[in-house]
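# Breakdown of the fold
Single-letter residue listing:
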Amino acid sequence: MNGKLIEAAIEARAKAHAPYSDFLVGCAVESEDGEIARGANMENGCYRLGVCAEQSALAAAQVAFGLGKVSRIVVVGGPRSARDGETGEAVMPCGGCRQAIQEAAGLSGRDIEVVCCDHSGGNAVTTTIGALLPAAFVFDKD
Ligand SMILES: [Zn+2]
């Protein structure tokens, strides 16, 4: 069930721009209709301007089908030196990305599934944004 989404995240990871950390991350975001948007981390010589794979993929999802339709997210990541066949630790979304995923969850009204994997899609940790970010900040205009 996650295979297609994991493959999409692995393909996205191959396009990461991470010359400074050499830590490549790919992300695939699936809509409730089965559409897939992808993203990869995009570092910058001015370090603080780097963009995580999750936020890169969410921006693509926003344009492709809208944040309110996001249903599942797969993240794969690991050092550039990691080889196929090797296993590593699952990469977890950073705090900022958890907040970005929460924004989509707030729009959809669902607890988005988040699958975190090593560089090759192994060692999957399946959780939800509600579990990753309890008591999330929510901006209430009213
Ligand atoms: Zn992040």
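Residues numbered from 1 in each chain as written. Predicted model: local features only at pLDDT ≥ 70, side-chain atom pairs only at ≥ 80, totals over all residues. Heavy atoms only, no water.

The name recorded for the protein in an unreviewed UniProt entry is Cytidine deaminase, from Erythrobacter westpacificensis. The Sequence similarities (unreviewed entry) comment attached to the protein in UniProt states, word for word, "Belongs to the cytidine and deoxycytidylate deaminase family." (UniProt positions renumbered as here; feature names shortened; annotations may be inferred.)

### Structural notes on the overall build of the protein
Within the protein one finds four helices and five strands. Counted from the first residue to the last, the protein has its helices and strands arranged as α-β-β-α-β-α-β-β-α. Computed over C-alpha atoms, the radius of gyration of the protein comes to 14 Å, within 12% of the 14 Å expected from 2.2 N^0.38 for 142 residues, which places it in the range of a compact globule. With respect to the principal axes defined by its C-alpha atoms, the protein has extents near 50 × 40 × 25 Å. A total of 142 residues make up the protein; the buried ones form 44% of that total. Partitioning the intrachain contacts of the protein with sequence separation of at least 6 by distance along the chain shows that 66% fall at a separation of at least 24. Accessible surface for the protein amounts to roughly 7500 Å². Of this, 52% is attributable to carbon and sulfur atoms. (Helix = DSSP H or I, 4+ residues; strand = E, 2+ residues; numbered from the N terminus. Rg over C-alpha atoms; globule rule 2.2 N^0.38 Å. Buried < 20%, exposed > 50% of the residue type's maximum accessible area, 1.4 Å probe, protein only. Contact = heavy atoms within 4.5 Å. Areas by Shrake-Rupley, 256 points an atom, 1.4 Å probe, with all protein chains shown as cover.)

### A closer look at the sheet that holds strand β1 (residues 23-31)
Paired through their backbone hydrogen bonds, the strands of a sheet run either parallel or antiparallel. Strand order in this open sheet of five strands is β2-β1-β3-β4-β5, and the pairing throughout is mixed. Taken across any chain shown, the strands that pair with only one partner, and hence form the sheet edges, are β2 (36-40) and β5 (125-128). Adjacent strand axes in the sheet meet at a mean angle of 20 degrees when their direction is disregarded. Bridge analysis of strand β4 (residues 113-117) against β5 gives four bridges, and the strand direction is antiparallel. Across the sheet, Cys116 pairs through a bridge with Val125, a residue of β5. (Pairing = 2+ DSSP bridges. Axes fitted to C-alpha atoms, helices over the stretch in contact; angles between N-to-C directions.)

### A few points about the environment of Gly39
Along the chain, Gly39 turns up in strand β2. By relative accessible area, which is 5% here, Gly39 ends up buried. Between the alpha carbons of Gly39 and Ala8 there is a distance of 9.4 Å; along the sequence they are 31 residues apart. Other than its neighbours up to four places away in sequence, Gly39 contacts Ala12, Val25, Gly26, Cys27, Ala53, Ser56 and Ala57.

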